[in-house]
There are 2 protein chains.
Amino acid sequence: MKELISLVDEKLNEYMPVIYPEDIFKAMKYTLMLPGKRLRPIMCLETARMLGCDIKKAMPTACAIEMLHCQSLIHDDLPCMDNDDFRRGKPSNHKVFGEANAVLAGDALLTFAPQLIIEKSKDLNSETILKLVHEFTKWGGAYALIAGQVVDIESEGGKYVKSPEETLDFIHMNKTAALFRLAIRSGAIVSNAEANVLEELDNFASKFGLVFQIYDDIMDEISSFEELGKTVGKDKNSGKLTYVSLYGLQEAKSKFHSLIQECYDIINKYNSKIFTEILDKLRDRILGV
Amino acid sequence: MKELISLVDEKLNEYMPVIYPEDIFKAMKYTLMLPGKRLRPIMCLETARMLGCDIKKAMPTACAIEMLHCQSLIHDDLPCMDNDDFRRGKPSNHKVFGEANAVLAGDALLTFAPQLIIEKSKDLNSETILKLVHEFTKWGGAYALIAGQVVDIESEGGKYVKSPEETLDFIHMNKTAALFRLAIRSGAIVSNAEANVLEELDNFASKFGLVFQIYDDIMDEISSFEELGKTVGKDKNSGKLTYVSLYGLQEAKSKFHSLIQECYDIINKYNSKIFTEILDKLRDRILGV
């Protein structure tokens, strides 16, 4: 894991130049280079590796997905959205560069990322690159990531079109699971995976997305600022719809355990220390709660 | 011109669904469907037509470029940027849908647009589609459109890295000319134009971008709200760097006339009523000033 994190950090740094006008590139790079778990790029790379593909082929796409993730964090933190002053333990982007630059840095990451896939995926043919960019646009936009964010914001105002349970699942299948699906699907596409393999791993990614979100909701309930590096207890205080607020801590934990078991059941068919390590970490942390 | 505007309007409406969660699609569609001149998509389509290509092939890309343009308008109008309450004579996006939705609607257009190129360009091969998406990402991001916007914002604070003249040209070669270049280059790519034709038309697009911006600066100086459909005299009042504020009205007009002549010189080699009509309109309006 640590080696992969360092590798992704190194590549992110290499891919992102700081040229004139420096302010925008610095703002893009600031949030991008904050120390993170790099879960999404690692899952993309690991999917490629376990399907027998050289991870170099997946690297531009893996980094592009981290850029997309960072873009969503920068915009989510804006005063008009979640109004969060901290991210990964540091001042959030608009606190450092101002709101205008934070909006533009997000926008810029959103076009820089697919440009990176196109320009740096040298060992892939046009057909495959186009598929990767297509996946990027599908999961990064109004049909997934942004749909989740919009419904999340609406639900805070108590505005549900669907039931609370359906609304919560919709939010996180889109806001959270979408980028894991994008990461894993992209790793499979780079590896020319068979359709049934792609489908099975996509199913894993969906379940993992929900596991990860339930984990996050439980942690928000019980952790300190120091542990999370961001404002905690906000969800509870704002009366926000979460797995803990809707189902209670016990049922949220039980949902977590049953979903994570399904994740193990799928991924155990593949030979992946990395995925097992990621699942183990989440499970062990929740067992201690 | 009118027929082409109607055709683009019809296609934009067709391409943009309104599905759950409706708020985001409505916000995207609101600014997109405000009556506009549709200059960029029309220039894309006309480039394809005059190079002997069926404009249907260029339609998804033409509409995607209008979406990119609308995205930049939505974000430019935000309170943290130009803080403009009106756009095309109507309340701007954030005045209708709120700031959070306006930020997200812009983000969503930025991924929806290349998705549209990929999904709807049915008569083009992967290679060509990939080139079109590549151009979109290059001109729509930190290397062009956003670079121009960032330097524009900085220059308002009187912060120049380069000279005022170079800064002003940089802003508009990027903020304004970039999307005309994208439009015309895309039309040429769809038509499989030879490299020298692409280069000549790209040169036309650069010059046209500056012509258009000088026109805009002069109009901002002399027009009324009713004529422009947006707040006027803002540039003058904010002490903003414009062709009029930097060179004075007379020299701005003289620059305009010499650049527009260069545009005629290039485009007269091609048989295009549309481009001639566009140039004539701008020239006649400035002659009347």
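Remember, predicted model here, so these are calculated numbers, not experimental data.

Caption draft 1: Structural detail: the interface of chain B and chain A. Listed by partner, the interface residues are 50 residues for chain B and 50 residues for chain A. Across the chain B/chain A interface, buried area totals approximately 4400 Å², and carbon plus sulfur atoms make up 74% of it. Among the residues chain B hides against chain A, the three largest losses belong to Tyr20, Leu130 and Tyr143 of chain B. Together they make up 16% of the total. In this assembly, chain B and chain A are joined by zero salt bridges. At the surface where chain B touches chain A, the tally comes to eight residue pairs in polar contact (both at pLDDT 80 or more). Breaking the side of chain B that touches chain A down by element, the ones donating at least two residues are helix H2 (22-33), helix H4 (55-76), helix H6 (99-120), helix H7 (126-140) and helix H8 (145-156) of chain B.

Caption draft 2: Expanded view of the side chain of aspartate 152 of chain B. Residues and elements named next belong to chain B. Here aspartate 152 is to be found in helix H8. Relative accessible area serves as the criterion here: at 3%, aspartate 152 is assigned to the buried category. Discounting residues that sit within four places of it in the chain, aspartate 152 has contacts with Ile171, Lys175 and Lys240.

Caption draft 3: Geometry of the relation of the copies chain B and chain A. Least-squares fitting of chain B to chain A yields an RMSD of 0.0 Å, with the superposition described by an axial translation of 0.0 Å and a rotation of 180°. The operation mapping one copy onto its partner corresponds to a two-fold rotation axis. A symmetric contact is evident, with 100% of the interface residues of chain B recurring at the interface of chain A.

Caption draft 4: The environment of isoleucine 5 of chain A, seen in detail. Within the secondary structure, isoleucine 5 of chain A sits in helix H1 (residues 2-15). When neighbours within four sequence positions are excluded, isoleucine 5 of chain A is seen to be in contact with Gly36, Lys37, Arg38 and Ile42 of chain A.

Caption draft 5: Broad picture of the packing of helix H6 (residues 99-120) of chain A against H8 of chain B. Following both chains from N to C, one finds H6 of chain A and H8 of chain B inclined at 170°, their axes separated by 10 Å at the closest point. Taken as axis vectors, H6 of chain A and H8 of chain B run roughly antiparallel relative to one another. Where H6 of chain A abuts H8 of chain B, its residues Ala100, Asn101, Leu104, Asp107 and Ala108 of chain A lie against Ile146, Gln149, Val150 and Ile153 of chain B.

Conventions used here
Residues numbered from 1 in each chain as written. Chains lettered and ligands numbered in written order. Predicted model: local features only at pLDDT ≥ 70, side-chain atom pairs only at ≥ 80, totals over all residues. Heavy atoms only, no water. Contact = heavy atoms within 4.5 Å. Buried area = accessible area lost by both parts, 1.4 Å probe. Salt bridge = Lys/Arg side-chain N within 4 Å of Asp/Glu carboxyl O. Polar contact = N/O pair within 3.5 Å; in protein donor to acceptor, adjacent residues only side chain to side chain. Helix = DSSP H or I, 4+ residues; strand = E, 2+ residues; numbered from the N terminus. Buried < 20%, exposed > 50% of the residue type's maximum accessible area, 1.4 Å probe, protein only. Least-squares fit on C-alpha atoms with pLDDT ≥ 70 in both. Axes fitted to C-alpha atoms, helices over the stretch in contact; angles between N-to-C directions. Parallel < 35°, antiparallel > 145°, perpendicular 65-115°, else oblique.

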